[in-house]
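Secondary and tertiary structure notes
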There are 2 protein chains.
Amino acid sequence: VSGRAGFPPVEEQLERIRRGAVEVFPEDELARKLERSRATGTPLRVKLGVDPTAPDVTLGNAVPIWKLRAFQELGHVAVMIVGDYTARVGDPSGRNKLRPPLDGAQVDAFAQTYLDQVGQILLPERLEVRRNGEWLAPMVFTDVLRLAGRMTVAQMLERDDFQARYREGVPISLHELLYPLMQGWDSVVVRADVELGGTDQRFNLLVGRDFQRQEGQEPQVLVVNPLVPGTDGEKKMSKSQGNYVGVTEPPGEQFGKAMSVPDALMPMWLEHFTDLPLERVEELVDPGRTHPREAKEELAKAIVRRYWGAQAADAAAAEFRRVFSERQVPSELPEARMAAPAKLVDLLVEHDLASSRGEARRLVQQGGVHLGDDRLTDPEQVLDPPDGAVLRVGKRRFLRLRR
Amino acid sequence: VSGRAGFPPVEEQLERIRRGAVEVFPEDELARKLERSRATGTPLRVKLGVDPTAPDVTLGNAVPIWKLRAFQELGHVAVMIVGDYTARVGDPSGRNKLRPPLDGAQVDAFAQTYLDQVGQILLPERLEVRRNGEWLAPMVFTDVLRLAGRMTVAQMLERDDFQARYREGVPISLHELLYPLMQGWDSVVVRADVELGGTDQRFNLLVGRDFQRQEGQEPQVLVVNPLVPGTDGEKKMSKSQGNYVGVTEPPGEQFGKAMSVPDALMPMWLEHFTDLPLERVEELVDPGRTHPREAKEELAKAIVRRYWGAQAADAAAAEFRRVFSERQVPSELPEARMAAPAKLVDLLVEHDLASSRGEARRLVQQGGVHLGDDRLTDPEQVLDPPDGAVLRVGKRRFLRLRR
């Protein structure tokens, strides 16, 4: 792991670390840390906090995981902090329905699912997984008061999102002010040299620097990555927005979703979601040098390759071409038996073509659902199709109905 | 304690409770509580939170204590909450030098001193003393998060002093936002029917109402008393401002300080610091009916009488008249032996004529220190007076120096 021979030259390391980062702050401190690390043969400790409440890892969540992997390949140690303790509380105000309180077993299960997924990206021999309950659970009220006494309300409301919400009268629960403190304290406990996070985390990463300085530690360096929009081209990719690509989704799904990305997103997706060299990325996003359709195919292949390997990527590309370029029904279709006539909305949910009745209705209303060549427009319509009829949702999801 | 015969009529109780209160909120709720209390023979639980970090009880601190006593005399139970748990933290930001962190022994000692003093005012058989550590100490981080989730930042910044400080850029430490939550939770735990507090506590008392409502309890009624200015006629009476009268100060001190009060304060001091009937107070503050000097003497006597009895009050009045009306040195002077020449500032501090070197310097610079008839102007001056010389500070503090 360590040893003078083990670490590449600092400039080479910096170049790798900078890829995709919107900010490395302060970069001169990182250079000094890297130099000292090389001179003494001591790996840096690179922290990433993860939230076990959303166990499906998306390409967006995976961006900092791949950055951790890069640090590992450079010889450093990835310190992944699982926020198990805070997940148990959820959103005590009850306003954020996406953060219900979880019991210990649920948190453990989510955390394990999460770690299984990122375990396929990270090198286990340079990975330290810590749960924040380890140091937060023993803290009592006076400890929290002391922690809180390190910051002021004004400092906290400097955080962009808090500031905006406060100005606009959108409620900020008091407990939300405590999360940055916990995250900052994590950095002290694990003695982080570097912390990774999205632009929405920048403030919290700075709290870590403050606390480390107060505790006489050298402050961590921030490596900030952008929040990459999802397949809709607008909102940050997330499971709850339905605009995500999951790292465990099958090759065909990943490929198809990547092909549906708006052209404007190509540069970001190529830079952040693939390991294609930046020179190649430049060629791909230049319509004078690459046909956009070809570029998108290379993007989709590069994504699938990362998670499923080159062979799966090629197969997904071939299948995609067959279905969509040749407008054919895929060679192998999933099938389902319909015992009796059924409402369209029920059918879609029952066979996982929609994740909820609400989504099912939306899909139908948006005109994305076909039976054979007929567009279906009424979610409440009762279907009684002949054996072998093909139900299609969007461009890529098919179900052959057997009677 | 209880029993239908034990509680006076509601209107009579209300009148007694209203004395000196700037607000009884909501008064109709209090009337209903009192009616039910009478009907069922159940005393109300009247809460007062006290801070054991300032163990010298002043006339100002004693205002709500006397109100508790009034409730006791009406048949109700005084629930005094000693903030022992929070006293241990002090001000973790370190900005408030008046709130150093205290260790358990110090807190216990302060709390005991405090209780000894208020014990002379309250009826022990209707007094319940609780320490907030009883329920706050077992709380862990997630409990604090849940408590914090009950309030928003905006609600918290509605508090007058927070709002003003936030606007003026005066730092508000995050931990300060947690104190109102703790105080509010206290009300839930002790099931308070009424909470007493100064106008600066109004917001915190309302938090208690919210929390009780959330927990399915009937919310407490607020009895809010004004912050009465100290002897300087300007700032709230407090030990740290040096403008206080302590409830344990000797009769002569109390009397003299009361006589020095600006005329404008007479109505407030008479209403809040004495038990003189309000009709008598009206006579006293009307210069057409009472000479101001006579009114002030009655104020001073009424104060001393409360804490030391009628005889001590009369004696203090007589002594005061002898010394100041007749411009004589008091008959009995405290004496001190000066082994060697000494600096004025040291002398003042050593013999308790000033509480600190800073105060000693201020007293000299303000022209309040005399040796015999000579005004002393240099705090660093070395004194080498003859045996029997009298050092005087202000109008009322004397020390005969023996060589």
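Scope of this entry: the structure provided in the associated data block. (Residues numbered from 1 in each chain as written. Chains lettered and ligands numbered in written order. Predicted model: local features only at pLDDT ≥ 70, side-chain atom pairs only at ≥ 80, totals over all residues. Heavy atoms only, no water.)

Time to look at unusual backbone geometry. Excluding glycine, most residues fall at negative phi; most peptide bonds, likewise, are trans. Residue and element names in this part refer to chain A. Along the chain, F25 connects to P26 via a cis peptide bond; the corresponding omega equals -15°. With a phi close to 50°, R191 is a non-glycine residue in the positive phi region. On the basis of relative accessible area, R191 is assigned to the exposed category, the value being 52%. (Buried < 20%, exposed > 50% of the residue type's maximum accessible area, 1.4 Å probe, protein only.)

Here we take up the sheet that holds strand β3 (residues 77-82) of chain B. Whether parallel or antiparallel, the strands of a sheet pair through hydrogen bonds between backbone atoms. Residue and element names in this part refer to chain B. With respect to topology, 6 strands assemble into an open sheet ordered β1-β6-β5-β2-β3-β4, the strand pairing being mixed. Each of the sheet's edge strands pairs with one partner strand only, and the pair in question is β1 (23-25) and β4 (127-131). Within the sheet, the average angular offset between the axes of one strand and its neighbour, ignoring direction, is 20°. Inspection of the sheet shows strand β5 (residues 194-198) paired to strand β6 (residues 221-225) by 5 bridges, in the parallel sense. Bridged to V194 within β6 is V221. (Pairing = 2+ DSSP bridges. Helix = DSSP H or I, 4+ residues; strand = E, 2+ residues; numbered from the N terminus. Axes fitted to C-alpha atoms, helices over the stretch in contact; angles between N-to-C directions.)

Right, let's get into the packing of aromatic side chains. Under the counting rule described, the total for this entry stands at 9 aromatic pairs over all chains. With a centroid separation of 6.4 Å and 65° between ring planes, the pair formed by A:W185 and A:F211 is classed as edge-to-face. You can see A:W185 sitting in helix α10 (residues 178-190) and its partner A:F211 sitting in helix α11 (residues 202-214), a full 26 residues away along the chain. With respect to burial, A:W185 and A:F211 carry one shared label: buried. Their ring planes at 70° and their centres at 4.8 Å tell us that A:W269 and A:F273 sit as a pair that is edge-to-face. Taken together, the residues A:W269 and A:F273, both in helix α13 (residues 266-273) and 4 residues apart, mark about one turn of the helix. Like A:W269, the residue A:F273 is buried in the burial classification. Just above the ring of B:F211 sits the side chain of B:R150; from NZ or CZ to the centre is 5.3 Å. For the cation-ring pair, B:R202 lies above B:F25, with the distance from its terminal atom to the ring centre recorded as 5.5 Å. (Phe/Tyr/Trp six-rings, centres within 6.5 Å; stacked < 30°, edge-to-face > 60°. Lys NZ or Arg CZ within 6 Å of the ring centre and 35° of its normal.)

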